[in-house]
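Descriptive analysis of the structure
For reference, the chains in residue letters:
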Number of protein chains: 2
Amino acid sequence: MIRALATVAALCALVPICAFATEPAPQLAPGEIVSAASQSEWTRIAPEDLLVMELAADAAGKPRRVVIQLMPAPFSQGWIGNIRKLARAHWWDGLSVNRVQDNYVAQWGDADGEDKAKARALPRGLAVMTEDQYTVGGDAPGWQRFKDLTWPRGTISSYVAFDRGWPVAAEGTPDRVQRWPVHCYGMVGVGRNLAPDTGTGAELYAVIGHAPRHLDRNIALVGRVIEGIENLSSLPRGTGALGFYETPGERAQILSVRLGNELTAPSAYEYLSTDSASFLRYAQARANRRDAFFVRPAGGADICNIPVPVRRVPAAN
Amino acid sequence: MIRALATVAALCALVPICAFATEPAPQLAPGEIVSAASQSEWTRIAPEDLLVMELAADAAGKPRRVVIQLMPAPFSQGWIGNIRKLARAHWWDGLSVNRVQDNYVAQWGDADGEDKAKARALPRGLAVMTEDQYTVGGDAPGWQRFKDLTWPRGTISSYVAFDRGWPVAAEGTPDRVQRWPVHCYGMVGVGRNLAPDTGTGAELYAVIGHAPRHLDRNIALVGRVIEGIENLSSLPRGTGALGFYETPGERAQILSVRLGNELTAPSAYEYLSTDSASFLRYAQARANRRDAFFVRPAGGADICNIPVPVRRVPAAN
């Protein structure tokens, strides 16, 4: 497919009439645009913003690592502070993935957390957050760049956009805008009981299905899986209510959860800056696929169908 | 949660001031609305519209059945005719699931299909379809019922709605509307090579991630998985390009694929009629969750976040 496209493009370069064709010129595929981005358009993720979970090896002995990027300020910082504290205390070590509900979430933490006699004690000094911290004030910088590409818009929210590498939605009046991260595939959030409880951050889940946007502003999002989501999304589904495993033997064991800056040999990652020219071209291509396979471009893309590209790079040392 | 809600509702029934509260009264959860639907609101799926795929048992010996409902006329009937012909010829028996790409699709058919020397011969007389058959003319009946609930709208399409049990999108002018089924989680489509090839129906895939709406009108959709999607969505991801398995041993074997009316002891299924009052209430509840867990209703729901309820019922014999 790539070869066929290159041929058409090369031909067009030699034939001026191509510019006047009623059909738009063939476009690069989204992945090709990302591959062609310059190094300066990539942003390194700080090691302290990585949360690395090692699950027990699978039945074939293959290690299962899940790497999560934590969100930057001002989003969800109270919960994220708790998560850093829990990771430094090695709190998750020996706990498990307890729930895998198809087309919804994989959730991990203390399987005995609801049982006061058996629950693992939490570290002291965890912050208690309130529901008003699900959103933050102010417009996403540069949101206008995406307003003709992304949907939904005009209904659930005034707009959806990308804010320093993260998908966000916002609504409000010009003098009072609220914005919040959105529940796309791979996003990581904080399990909680009934409101006004907002959860501590000890119980976490990752989205493994179609974006459950009804959870936006009802649960704190704290990050996203940037590597190894398949180690959660391909786990057997739980057969109990809400996809909880019915027996302890079904749970996937957590060997350890560490912050990236606590690891002796961390991997390093970069994301394609959402302020970059290449990211805008990538979003345009996701909204209107014109590479060889496609017959009819869609005219727009759901915010969750424009995943921010992340790549592993050699460590900085 | 259900108990807490019932208590509040009972209290409100006794206290007239509840009707004047600024907060809307608590609503039933979507699942509770479906459970309360009357039998007359459910529509039986004809056995000849079921396609039942048996995969080899998993490592623990658990059988893996995937039940697909085929779409009704006028959608995609040429491909669906081919699929019936292939099923009657037992064409898929002994073939395999060859591709599982995370957050995208699981795909099955002839792993050697691209190799003329090894490919399994197709039955004679399969129809050849063209790209104009990806859509059909005319409005979805009753689409106005959903227009204030569902998004996206106004951009990629004039509207999204439900057409006799199926999620559809449409666009056009009053005198010429085209509509088409949409790529929601669990939908089943026809693999193809580069256009203008549209595929025969021998190579099929199911969506196992966020709705890839850019495939709408670029690929024929023929049905949806109504039971056993987890037997596809929890398969190990392929590590080759596009999620293809790199070695034959990784593939999940297909024992058989049969139409429901060819099975001696078929299961029977019903879907909640999308014309029913209960379905509208269910869609409203999906768009604005007001059951006990929720702090803030979303104000709308993506068409793919309103999955049409399907249930297994005793066979009609």
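Residues numbered from 1 in each chain as written. Chains lettered and ligands numbered in written order. Predicted model: local features only at pLDDT ≥ 70, side-chain atom pairs only at ≥ 80, totals over all residues. Heavy atoms only, no water.

Right, let's talk about the interface of chain B and chain A for a bit. Of the residues lining the interface, 45 residues belong to chain B; the matching set on chain A comes to 45 residues. There are two salt bridges connecting chain B and chain A. Its residues assigned to classes, the side of chain B that touches chain A shows 21 nonpolar, 12 polar and 12 charged. (Contact = heavy atoms within 4.5 Å. Salt bridge = Lys/Arg side-chain N within 4 Å of Asp/Glu carboxyl O. Nonpolar A, V, L, I, M, F, W, Y, C, P; charged D, E, K, R; others polar.)

The next subject is the environment of V308(A). Residue and element names in this part refer to chain A. For V308, the location among the structural elements is in the loop between strand 16 (301-302) and strand 17 (310-313). Sequence-wise, V308 and G165 are 143 residues apart; in three dimensions their C-alpha atoms are separated by 6.6 Å. Each residue touching V308, except ones within four places of it in the same chain, is listed here: F162, G165, R224, Y271, L272, T274 and F279. (Helix = DSSP H or I, 4+ residues; strand = E, 2+ residues; numbered from the N terminus.)

Residues and elements named next belong to chain B. Pairing is antiparallel across the open sheet formed by four strands, whose spatial order is 6-10-9-8. The strands lining the two open edges of the sheet, one partner per strand, are strand 6 (136-137) and strand 8 (159-163). Sheet topology note: the strand 6/strand 10 (residues 176-181) ladder contains two bridges and is antiparallel. Counted as the bridge partner of V136 is R179 from strand 10. (Pairing = 2+ DSSP bridges.)

Moving on to the pairing of strand 5 (residues 105-109) of chain B. Residues and elements named next belong to chain B. Counted residue by residue, strand 5 has five buried out of five residues, so it is predominantly covered. Neither face of strand 5 is left uncovered, since the one carrying V105, Q107 and G109 and the one carrying A106 and W108 both have all their residues buried. In the sheet, strand 4 (residues 96-101) pairs with strand 5 via five bridges, with the strands oriented antiparallel. Across the sheet, residue S96 finds its bridge partner in strand 5, namely G109. The loop that links strand 4 with its antiparallel partner strand 5 comprises three residues; one of these, N103, has a positive phi angle of about 55°. Of the strand pairs in this sheet, strand 5 and strand 12 (residues 204-207) are connected by four bridges, and their pairing is antiparallel. Bridged to V105 within strand 12 is V207. (Buried < 20%, exposed > 50% of the residue type's maximum accessible area, 1.4 Å probe, protein only.)

This brings us to the sheet that holds strand 14 (residues 252-259) of chain A. Backbone-to-backbone hydrogen bonds join strands into a sheet, with any given pair of strands oriented parallel or antiparallel. Strand order in the closed barrel formed by eight strands is 2-3-13-11-12-5-4-14 (chain A), and the pairing between neighbours is antiparallel. Between one strand and the next, the sheet's axes are offset by a mean angle of 35°, whatever the strand orientation. (Axes fitted to C-alpha atoms, helices over the stretch in contact; angles between N-to-C directions.)

Rotating chain B by 180° about the axis while translating it 0.0 Å along that axis superimposes it on chain A, leaving an RMSD of 0.0 Å. Here the symmetry operator amounts to a two-fold rotation axis. Both copies contact each other with a shared surface, as 100% of the interface residues of chain B are interface residues in chain A too. (Least-squares fit on C-alpha atoms with pLDDT ≥ 70 in both.)

What follows concerns the state of the cysteines. Residues and elements named next belong to chain A. Counted by the stated rule, this structure contains two disulfides over all chains. Two residues share a disulfide in this structure: C184 and C304, whose sulfurs sit 2.1 Å from each other. Sign of the S-S torsion, about -75° for the bond between C184 and C304, identifies this disulfide as left-handed. Of this pair, C184 sits in the loop between strand 10 (176-181) and strand 11 (187-190) while C304 is found in the loop between strand 16 and strand 17, placing the two residues 120 residues apart along the sequence. With respect to burial, C184 and C304 carry one shared label: buried. (Disulfide = S-S within 2.5 Å.)

Next up on the list: unusual backbone geometry. The residue after A195(A), namely P196(A), is reached through a cis peptide bond having omega 10°. Tracing the backbone through its elements, the reader meets P196(A) in the loop between strand 11 and strand 12 (204-207). A cis amide bond links A73(B) to the next residue, P74(B), at an omega of 10°. If you trace the backbone, P74(B) turns up in the loop between strand 3 (64-70) and helix 3 (77-88). For R164(A), which is not glycine, the phi torsion reads 45° and is therefore positive. Among the secondary structure elements, R164(A) is positioned in the loop between strand 8 (159-163) and strand 9 (166-173). Positive phi is not limited to glycine here, since N103(B) has a value of about 55°. Tracing the backbone through its elements, the reader meets N103(B) in the loop between strand 4 and strand 5.

Residues and elements named next belong to chain A. By secondary structure assignment, the location of P72 is in the loop between strand 3 (64-70) and helix 3 (77-88). What makes P72 partly exposed here is its relative accessible area of 23%. Distance in space between the C-alpha atoms of P72 and G223 is 8.8 Å, their sequence separation being 151 residues. Setting aside chain neighbours within four positions, we find P72 in contact with Q77, R164 and W166.

All names here are of chain A. Looking at chain A, pLDDT values average 87 and 85% of them are 70 or higher. Here residues 1-23 scores under 50 on pLDDT; set against residues more than four positions off or in separate chains, the count is 12 contacts. In the predicted structure, residues 153-157 sits below a pLDDT of 50 and forms 17 contacts with residues beyond four places in sequence or in another chain. (pLDDT = per-residue confidence, 0-100.)

Residues and elements named next belong to chain A. Of note, E41 is situated in the loop between helix 2 (30-35) and strand 1 (42-44). Here E41 is buried and forms no salt bridge, its nearest opposite-charge partner R281 lying at an N-O distance of 5.0 Å. A polar contact is formed between the side chain of E41 and the backbone nitrogen of A277, at a distance of 3.4 Å. At a separation of 2.6 Å, a polar atom in the side chain of E41 contacts the side chain of S278. Beyond its immediate chain neighbours, meaning those up to four positions away, E41 contacts Y271, L272, S273, S276, A277 and S278. (Lys, Arg positive; Asp, Glu negative; His and termini not counted. Polar contact = N/O pair within 3.5 Å; in protein donor to acceptor, adjacent residues only side chain to side chain.)

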